[in-house]
Amino acid sequence: MIKYGLILSLLFFPLFMTGCTGYHQDIDQLAIVSAMGVDKAANGQYRVSFQVINSSQIASTKTGGGGGKSVPVVVYTDTGKTLIEAIRKASQQVTKRLYFSHQQGVIIEEKVARAGLKDVFDILERNIQQRLQLNVLIARRGTAEDILKVLIPTEMLPGSRVGEALKTSSRVLGETLESNVRDVVHGLTDDGIEPAISGIELIGKDEQGQSMSNLQESRPVAYTRINGIALFRDGKLQKWMEGNTARGAVTLLDRLKNTVVNINCGDKKDALAIEITHARTKLGADMNKGKPVLTVQMAFLGNVYEADCPIQLNDQETIDRLQHRLEREMKREVLSAVKTAQKEKCDIFGFGETLHRSQPQRWKTIRNRWNPIFSKAEVRVRAKAIIDHAGLRFDPFWSSK
Amino acid sequence: MRQHVTEKVQSYQLFSLVVFFELGTTIVLGNGIHQARQDAWLANLLGVGVGLLLFLVYARLYLRYPALSLTGSLQKICGKPVGWILGLVYVEYFLYLAARDLKDFTRLLQVGYFPLMPIAVTASFMLLIVIYVLTKGLEGLAGTSFVFFIFFSVMFCTTDVLILLFGEVKPEQLQPVLENGWRPVFQTVFPLMLTFPYGEMIAFTMMLPFCRNQPRKNVKTALWGILVSGLVLTVTVILDIVVSGVDISARSSFPYLITISQVEVGTFLQRLDVVTILVLIMGGFFKIGVFLHAAVVGAADLFGVHNPRKFLLPFATVVLVTFLTMAESLMEHIQIGLQIVPKYVHLPLQLGIPLLLLIVDGVKSRTKKQRSAGENFS
Amino acid sequence: MPKYQKWFRRWFNNPKQQEDSQEKQSSVELLPVYPSIQDNLTFLKNAFGHSSDLQIQELTIGKSPTVRIGIAYIDSLVNADKVMTLIKDLLGKELTQPNETHPHSHVRDWIKENLTVVGDMKEIRDWNRVSKMLLSGHTVVFVDGTNQAVSGDTSSVEHRAVTEPKTQIATKGPNEGFTESLRTNISLIRKRIKSPNLRVKKKPIGQVTRTDVALLYMEGIANPKVVKEVKKRLENINTDKILDTGEIGEWIEDQKFTLFPTLVSYERPDSIVSHLAEGRVAILVDGTPYAIAVPVTFLKILQSAEDYFMRYDLASVLRLLRIVAFMISLYGSAMYIALTAFHQEMLPTSLLISIGAQRQGVPFPVMVEALLMEGTFEILREAAVRAPRALGQPLAIMGAVVIGETAVVAGLVSPIMVIVVAITGISSYVAPEAAVTITSRILRFGFMLISGVFGLYGILLVTIAMVAHMQSLRSFGVPYLAPISPLVWSDLKDSVVRLPHWMLSNRPHELKPQRLWRIKYKVGDRVEYDD
């Protein structure tokens with residue numbers, strides 16, 4: 001018995017030796033990073049900023065009510081030749097351990113994006129604390145650091161707002177793209193597809209936006225807006241798409257959730273608003289005599305949202321006409337998106353991937369020169385739209401005169 | 001006072017043990033995605049077939065001598081000295097496999113969940129629990145595996161349904177099928193998938209004689225176990241590819257973790273990562289348990305010791321020491337594990353010797369028959 | 001027997017002493033009753049050490065010839081009225097024709113035949129029986145000139161009336177509870193089982209207390225091997241006192257060193273009856289309102305008598321709820337520790353921030369905080385149980401205010417910790433059987449410690465060890481985790497869920513009952529009623 005105990009304790013010596021409580025990190029010793037920003041510093045180094053949640057502040061506003069005294073988030077910044085160096089340096093400013101698992105978004109400055117994303121993304125992917133659902137945005141106006149510093153009245157945590165705002169805007173407006181680390185890495189590594197990332201811009205005076213006073217204004221002096229989609233080639237930002245073209249790109253990527261399309265009503269321009277509630281897009285690619293033919297098939301389901309002109313909405317013929325017009329409008333948008341992408345030789349839609357899947361053998365011969373081939377490809381778009389109702393009224397009051 | 005109930009292992013317990021053993025750490029690792037890429041599911045299906053065939057070799061041996069474990073039949077077929085030495089080699093082989101598995105397992109745990117915990121500590125704790133459960137004998141191990149199998153099935157099915165419902169599933173990622181022909185698929189199956197996990201089933205030749213039912217039924221149960229675990233692996237690999245994409249799955253050390261972490265059910269059920277860690281620990285535990293038990297039973301058989309439990313502590317010590325002196329880095333570990341060991345250790349021990357045994361046994365019995373027939377004539 | 005058990009046995013028991021005392025006892029037993037009444041009464045007085053509640057009266061009855069008789073009883077155990085009637089009868093009735101040749105034995109027979117006022121008349125020849133009869137409230141009559149005495153049952157012991165059970169409360173179904181009287185308890189069972197097949201075997205256990213222990217089972221249903229095993233183990237009990245079934249339980253359990261109860265005590269006759277009808281064996285002890293049923297499985301312990309009285313759907317849901325609550329009480333605080341100290345990535349972001357904020361300024365690590373709070377909770381609970389009833393209210397207020405408010409306000413513990421402790425604490429009382437509550441309460445601390453060291457890894461590995469342990473447990477040869485492991489499909493009908501009664505046509509397989517089917521005829525056959 002004693003002999004066995006002795007062997008047992010020898011065997012499990014490591015258990016007893018190393019002490020028992022050193023393997024964990026308590027929750028209150030963590031500095032929870034809610035968002036990260038990457039900028040280019042003046043000397044060519046990276047400048048990394050973290051937005052760290054000031055949880056004691058959040059707690060006090062919760063229990064005490066009436067707003068706290070200090071800011072809900074703190075932003076730490078430092079520079080380094082590599083990202084990790086900058087992160088290490090910045091973490092020296094924080095008394096606690098930086099904790100990335102609950103990060104909501106990464107903001108990358110346009111300059112960095114133009115120089116290439118590949119250096120930035122390895123660390124985002126490799127670190128076990130990083131999650132692939134992390135949202136990625138490109139800072140268009142203002143640096144990532146400034147954007148992180150802006151406080152927003154309706155949100156406790158500006159960092160998590162980045163993600164939420166992106167979600168909302170891409171679901172309601174349809175002109176921005178919810179792209180996360182997974183999508184970007186997929187675009188960076190796979191042949192036949194390039195990443196596309198939405199932009200975020202800072203509007204207003206950023207100095208005032210950083211202080212608590214920004215939270216006390218009903219019309220904040222500084223705020224952020226998500227706008228535009230960036231096109232990449234070989235991991236480098238090439239061009240921005242905006243407005244309807246951007247919506248065309250979102251449609252092509254089959255990410256369109258909900259949007260409102262304006263079409264003409266007789267002579268009146270953009271007088272009819274149609275809400276698209278469901279959209280489905282299928283891409284195809286084929287080679288025809290050494291020249292690729294790209295096909296796009298789209299289907300929409302929508303309803304009349306606003307009608308500022310006399311029109312008979314209980315008439316099937318009118319509806320048919322509207323559907324036709326909607327199809328034309330969407331085709332136009334999609335074509336303009338493809339044309340822009342072709343001009344920049346950025347296949348962000350993954351036509352190449354589609355070709356790879358359908359004709360793997362032929363793909364092998366052209367994969368290395370796909371981007372130039374793509375830019376000369378012929379595009380055929382087919383669309384089908386159905387308008388299934390017109391809201392609570394049939395005819396607008398315009399027509400009842 | 002206390003009744004010693006010597007119940008033998010029931011067939012469903014054997015089944016669950018086989019399933020856990022096969023799934024092991026493999027399920028988390030995304031079997032074959034690294035090599036066969038989007039055709040990994042084909043490789044997995046092929047692998048099950050090959051695994052079943054391989055097990056039929058072991059089953060044939062077992063059915064020839066239903067009362068004998070591998071060490072027993074070795075001595076029976078090859079004679080005392082040669083068979084005994086080969087038996088000892090197998091015992092050491094099982095210990096090596098246990099240590100290797102422990103290394104795999106603790107490494108994964110460290111990379112994925114406990115970056116601050118030294119692997120020696122994780123490993124000692126695991127061994128402690130394995131020893132405890134093995135003092136309850138094979139019945140204890142198999143019975144426990146069955147209880148956890150119920151838990152596992154419920155969890156696995158729920159998670160997979162959640163992935164299908166709430167993950168971003170893109171079935172087209174499975175295309176193009178057979179981009180580079182059958183070659184990469186075959187290369188994944190031979191020798192990699194053959195030896196890991198299917199060839200490791202050789203450990204069960206040490207246990208089948210202790211199962212309750214008819215030998216034929218035992219073999220059938222084990223075959224079902226292999227088939228089911230193969231299908232589970234295939235489903236997992238398909239989910240990995242369809243949800244995470246081939247590229248990310250192939251480059252990551254935990255494809256299943258990445259797949260599961262993408263499930264977001266509203267805002268409240270966002271982090272199912274706990275499922276991976278549970279599956280990983282259960283698989284690791286039963287695999288190490290089976291190997292250690294195989295070694296212990298084999299040694300008891302070789303040295304004629306009645307109570308195999310006496311070997312538990314010394315053998316666990318051996319495993320721990322082997323574990324501590326094994327390859328330093330994960331890269332070295334994987335390199336040895338994927339390139340050197342399969343060729344020079346796994347193949348001969350998992351395939352070569354059993355086949356040889358069957359042939360020798362067949363020849364022997366034939367000559368015996370002829371001899372006896374000849375005697376009858378004369 | 002494992003080595004350590006032998007070792008414990010050797011260490012704590014001194015077998016020699018026990019043998020000696022047993023020998024002494026047996027030598028006294030065979031002393032016969034003296035023929036002379038004087039000798040008898042003197043011996044009796046000395047034997048009881050002139051105990052003041054031993055009453056002895058000498059009477060002369062009959063006219064010619066007269067016979068002297070001695071009456072002895074213990075004042076505190078008898079019904080005074082009964083003894084008075086007895087004496088009156090002895091004095092008042094005319095002796096029938098005296099037998100000249102053997103006047104004394106005639107008197108003895110006359111007493112035996114005519115004293116109908118008391119029951120259970122017995123002839124006694126040796127002193128051991130005399131003292132036993134006296135101690136169980138009988139009145140012993142010595143007749144001069146014969147070496148036999150007569151005893152009559154005049155006992156009347158004070159005990160509680162049948163009331164509602166105190167611990168095992170049900171909202172539906174019968175609400176009678178056992179009392180401290182073995183007779184009443186057996187009658188409570190008898191009146192529910194109108195079958196001659198109910199067997200009751202009594203045996204006194206304990207050299208000092210000589211407590212009556214009754215073994216009850218259904219002949220033809222219960223597995224005879226189990227009955228034999230229970231009898232054997234009861235006979236092997238070697239102790240001086242038995243006051244409660246709990247003591248019996250510790251003696252007859254299969255596995256001595258386990259946190260899991262392998263037998264259960266019930267306060268409800270209906271539970272015991274349902275166990276008996278399923279083929280289990282019940283053990284009742286005089287002087288305690290708790291009865292043991294063996295063999296039991298883990299799932300059986302988690303069931304309540306009420307499950308069979310409610311609709312099956314509700315019963316099934318409640319059983320599931322109970323299992324979930326058991327899990328929460330085992331793992332709740334351990335999971336909290338694991339998630340906050342090791343696996344923060346598994347918490348939703350908003351919850352993480354909120355916990356992090358609440359823990360700001362708490363001076364202890366999570367594990368210490370949790371252990372402190374759980375410990376305090378257990379102390380409070382124990383105090384609330386033991387404290388005089390009048391103190392209960394202030395105690396509860398103190399606990400609620402101290403733990404719930406002040407500790408949080410003072411920043412010693414985080415509010416969420418209080419919530420976790422409260423949830424685990426309440427969950428542990430959902431289990432209908434107190435023994436399981438204790439299991440989960442003790443194991444909870446183990447899980448908390450291990451989770452503080454190893455996180456989820458520790459929790460799961462220890463759970464594996466726990467399941468392996470549970471699955472090696474036996475209760476009188478019945479696997480503890482039956483019917484899940486070993487798996488018996490037809491028994492799953494009444495395990496985690498309860499299917500309707502008409503589907504529960506067989507008794508549990510694991511008990512190996514003599515008759516597996518509950519009823520002889522098939523469902524749907526005609527059943528004759530007689531009235």
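Quick notes on the rules
Residues numbered from 1 in each chain as written. Chains lettered and ligands numbered in written order. Predicted model: local features only at pLDDT ≥ 70, side-chain atom pairs only at ≥ 80, totals over all residues. Heavy atoms only, no water. UniProt positions renumbered as here; feature names shortened; annotations may be inferred. Contact = heavy atoms within 4.5 Å. Buried area = accessible area lost by both parts, 1.4 Å probe. Salt bridge = Lys/Arg side-chain N within 4 Å of Asp/Glu carboxyl O. Polar contact = N/O pair within 3.5 Å; in protein donor to acceptor, adjacent residues only side chain to side chain. Helix = DSSP H or I, 4+ residues; strand = E, 2+ residues; numbered from the N terminus. Phe/Tyr/Trp six-rings, centres within 6.5 Å; stacked < 30°, edge-to-face > 60°. Buried < 20%, exposed > 50% of the residue type's maximum accessible area, 1.4 Å probe, protein only. Lys NZ or Arg CZ within 6 Å of the ring centre and 35° of its normal. Expected span 1.5 Å × (residues − 1). Patch = residues over 30% accessible without salt bridge, like charges linked within 9 Å, V, L, I, M, F, W, Y side chains within 5 Å. Areas by Shrake-Rupley, 256 points an atom, 1.4 Å probe, with all protein chains shown as cover. Lys, Arg positive; Asp, Glu negative; His and termini not counted. Charge placed at Lys NZ, Arg CZ, Asp CG, Glu CD.

Identification of chain B as Spore germination protein KB from Marinithermofilum abyssi is taken from an unreviewed UniProt entry. The UniProt entry for chain B carries the following text under Subcellular location (unreviewed entry): "Membrane". Its UniProt record gives chain B a comment under Sequence similarities (unreviewed entry), which states: "Belongs to the amino acid-polyamine-organocation (APC) superfamily. Spore germination protein (SGP) (TC 2.A.3.9) family."

Chain A has the name Spore germination protein KC in an unreviewed UniProt entry, where Marinithermofilum abyssi is given as its organism. As recorded by UniProt, the Sequence similarities (unreviewed entry) comment attached to chain A reads in full: "Belongs to the GerABKC lipoprotein family." Regarding chain A, the UniProt comment filed under Subcellular location (unreviewed entry) reads as follows: "Membrane".

J.: If you had to explain the interface of chain C and chain A to someone new, which residues and values would you point to?
T.: Listed by partner, the interface residues are 23 residues for chain C and 23 residues for chain A. Between chain C and chain A, the buried area comes to about 2000 Å², and carbon and sulfur atoms account for 65% of it. Together, Gln344(C), Ile353(C) and Gln360(C) form the three largest contributors to the area buried by chain C at its contact with chain A, with a combined 26%. Taken together, the connections running from chain C to chain A amount to zero salt bridges. If you look at where chain C meets chain A, you find three residue pairs in polar contact (both at pLDDT 80 or more). Within the residue set of the side of chain C that touches chain A, elements represented by two or more residues are helix H12 (312-341), helix H13 (349-358), helix H14 (366-386) and helix H17 (434-454) of chain C.

J.: Report on the packing of aromatic side chains, specifying residues and quantitative values.
T.: Centre distance and the angle of the planes are the two values used to describe a pair of aromatic rings. As enumerated under the stated definition, the model contains 33 aromatic pairs over all chains in all. Geometrically, the ring pair formed by Phe15(B) and Phe149(B) is edge-to-face, given 5.7 Å between the ring centres and 85 degrees between the ring planes. Here Phe149(B) lies in helix H8 (residues 137-166) and Phe15(B) lies in helix H1 (residues 11-23), a separation of 134 residues in the sequence. Overall, the relative accessible area of 18% leaves Phe15(B) in the buried class. Counting every residue linked through ring pairs, the aromatic cluster contains Phe15(B), Phe20(B), Phe148(B), Phe149(B), Phe151(B), Phe152(B), Phe156(B), Phe285(B) and Phe286(B). We note Arg64(B) situated over the ring of Tyr65(B); from NZ or CZ to the ring centre the distance is 5.7 Å. One cation-aromatic arrangement involves Arg233(C) over Phe476(C); the distance from NZ or CZ to the ring centre is 4.2 Å.

J.: Go over helix H7 (residues 119-134) of chain B, please, and point to the residues and values.
T.: Taking 1.5 Å per residue, 16 residues should reach 22 Å; H7(B) reaches 22 Å between its end C-alpha atoms and fits that length. With respect to burial, H7(B) is a largely interior element, 14 of its 16 residues being buried.

J.: Residue-level account of a positive patch on the surface, with values.
T.: Residue and element names in this part refer to chain B. Together, Lys76, Lys364, Lys368 and Arg371 make up a region of like positive charge exposed at the surface. Looking at the positive patch element by element, the count peaks at three residues for helix H15 (residues 330-377). Following the sequence through the fold, lysine 364 ends up in helix H15.

J.: Kindly report on the interface of chain B and chain C, identifying the contributing residues and their values.
T.: On the chain C side, the residues contacting the 39 residues of chain B number 43 residues. Surface buried jointly by chain B and chain C totals about 3500 Å² across both partners, of which 70% is contributed by carbon and sulfur atoms. Counting every contact that joins chain B to chain C gives zero salt bridges. Linking chain B to chain C there are five residue pairs in polar contact (both at pLDDT 80 or more). It is H8(B) that provides the largest number of residues to the side of chain B that touches chain C, a total of eight residues.

J.: Would you mind going over unusual backbone geometry in detail, with residue names and values included?
T.: In this model, Val294(C) is joined to Pro295(C) through a cis peptide bond whose omega is -15 degrees. By the secondary structure assignment, Pro295(C) is in the loop between strand S10 (291-294) and helix H11 (298-301). In this structure, Lys345(A) is a non-glycine residue whose phi angle is positive, near 60 degrees. Here Lys345(A) lies in the loop between helix H13 (316-344) and helix H14 (351-358). Note on Lys345(A): relative accessible area 35%, which makes it partly exposed. Despite not being glycine, Arg210(C) has its phi angle at roughly 45 degrees, a positive value. Along the chain, Arg210(C) falls in the loop between strand S6 (198-205) and strand S7 (211-218).

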